[in-house]
Each structure stands twice: as structure tokens, then as C-alpha cells.
Amino acid sequence: MAGFDCRVTLRRYSYSEISRFSRHSPAAIQRYLITFGRVVLLLRRGFKAREIAFLCGISERLAREYIELLEKNAEGYAERIEEIAELVSSRPASSDKKGAA
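Residues numbered from 1 in each chain as written. Predicted model: local features only at pLDDT ≥ 70, side-chain atom pairs only at ≥ 80, totals over all residues. Heavy atoms only, no water.

Visitor: Help me understand the overall build of the chain, please; the structure alone is not making it clear to me.
Guide: Secondary structure summary: the chain contains six helices and zero strands in total. Ordering the α and β elements of the chain from the N terminus gives α-α-α-α-α-α. Across the chain, contacts joining residues at least 24 apart in sequence account for 57% of those joining residues at least 6 apart. About 6300 Å² of surface is accessible on the chain, with carbon and sulfur atoms providing 51% of the total. (Helix = DSSP H or I, 4+ residues; strand = E, 2+ residues; numbered from the N terminus. Contact = heavy atoms within 4.5 Å. Areas by Shrake-Rupley, 256 points an atom, 1.4 Å probe, with all protein chains shown as cover.)

Visitor: Is there a simple way to think about the environment of Tyr15 in this case?
Guide: Take Tyr15: it is sitting in helix 2 (residues 15–22). Residue classification places Tyr15 among the partly exposed residues on the basis of a relative accessible area of 28%. The residues touching Tyr15, leaving out its near neighbours within four places in the chain, are Pro26, Ile29, Gln30 and Leu33. (Buried < 20%, exposed > 50% of the residue type's maximum accessible area, 1.4 Å probe, protein only.)

Visitor: Sorry, what's going on with the pattern of salt bridges here?
Guide: A full pass over the atoms with the stated rule returns six salt bridges. Close ionic contact of Glu60 with Arg50 constitutes a salt bridge, the shortest N to O distance being 3.5 Å. Here the residue Glu60 occupies a position in helix 5 (residues 60–73), and Arg50 occupies one in helix 4 (residues 49–56), the gap between them amounting to ten residues. For Glu68, the salt bridge identified is with Lys72, shortest N-O distance 2.9 Å. With Glu68 and Lys72 both in helix 5, this residue pair falls four residues apart, about one helical turn. Members of the salt-bridge network, linked through shared partners, are Arg50, Glu60 and Arg64. (Salt bridge = Lys/Arg side-chain N within 4 Å of Asp/Glu carboxyl O.)

Visitor: Explanation requested: the packing of helix 2 against helix 3 (residues 26–44) in the structure shown.
Guide: Helix-helix packing is described using two parameters, namely the angle between the two axes and the distance between the axes. One can describe the packing of helix 2 onto helix 3 by two numbers: an axis separation of 9 Å at closest approach and a directional angle of 110 degrees. When the axis of helix 2 is compared with that of helix 3, the two are roughly perpendicular. Contacts between helix 2 and helix 3 involve Tyr15, Ile18, Ser19 and Ser22 on the former and, on the latter, Pro26, Ile29, Gln30 and Leu33. (Axes fitted to C-alpha atoms, helices over the stretch in contact; angles between N-to-C directions. Parallel < 35°, antiparallel > 145°, perpendicular 65-115°, else oblique.)

Visitor: Would you explain the packing of helix 4 against helix 5 in this entry?
Guide: Running from N to C, helix 4 and helix 5 cross one another at 110 degrees; their axes reach a closest spacing of 8 Å. Put simply, helix 4 runs roughly perpendicular to helix 5. As for how helix 4 packs across helix 5, the hand of that crossing is right-handed. Contacts from Ala49, Arg50, Ile52 and Ala53 in helix 4 reach Glu60, Ala63, Arg64 and Ile67 in helix 5. Looking at the contact of helix 4 with helix 5, its residues break down into five nonpolar, no polar and three charged. (Left-handed = near helix turned anticlockwise from the far one by under 90°. Nonpolar A, V, L, I, M, F, W, Y, C, P; charged D, E, K, R; others polar.)

Right, here's the structure in full:
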């Protein structure tokens with residue numbers, strides 16, 4: 001589902017619009033988008049899916065899903081992907097996981 005949420009975010013739907021039809025909270029959608037941005041940055045730095053999964057705290061399957069999403073949409077949404085990557089790279093390092101101290 002995270003891949004779907006990122007895909008519609010690439011199309012510039014708002015978090016609240018995505019929340020209505022995906023039944024995920026806006027906070028969860030934002031978390032998916034931040035994770036997608038991290039995957040983009042790490043992939044650009046030459047990390048492999050397994051390493052990206054470890055560094056992002058996600059499954060390797062989900063890391064591959066994000067990578068596939070990036071590869072399928074790199075041309076059509078290059079500007080938006082760059083915006084997401086910049087957003088993530090400008091964020092201070094912190095844990096976005098629920099329940100993290």
C-alpha cells in the first residue's frame with residue numbers, strides 16, 4: 001500500500017485526499033513519502049535494496065517496491081521525485097517510527 005500512496009503523491013494529491021481513498025492516516029502517508037525519499041537518496045548513493053531496507057528500517061520487499069516505483073516513474077515525475085528527495089535531505093535525522101523513543 002505504501003507504493004500506491006507514494007504514486008498518488010507523485011501526482012500531487014494532498015495527504016488528506018490520499019487519506020480519504022486509501023484509509024491511511026495523513027501521518028502514515030507522510031511517513032511513506034519520507035521513506036520513499038530516503039530510498040531515492042540511498043539508491044542514488046549506490047546502496048543495494050538489502051542495505052536500503054536495513055538503513056530505512058523496512059523490509060527488503062518494501063525497499064524493492066519503492067525502487068520499482070522510482071524506476072517506473074523516474075521520467076514522468078522527475079521534478080516531483082527531486083522535490084521529495086530534497087525534502088528528505090533537508091530534514092533532521094530522527095525516527096519516524098511509531099513508538100520510537
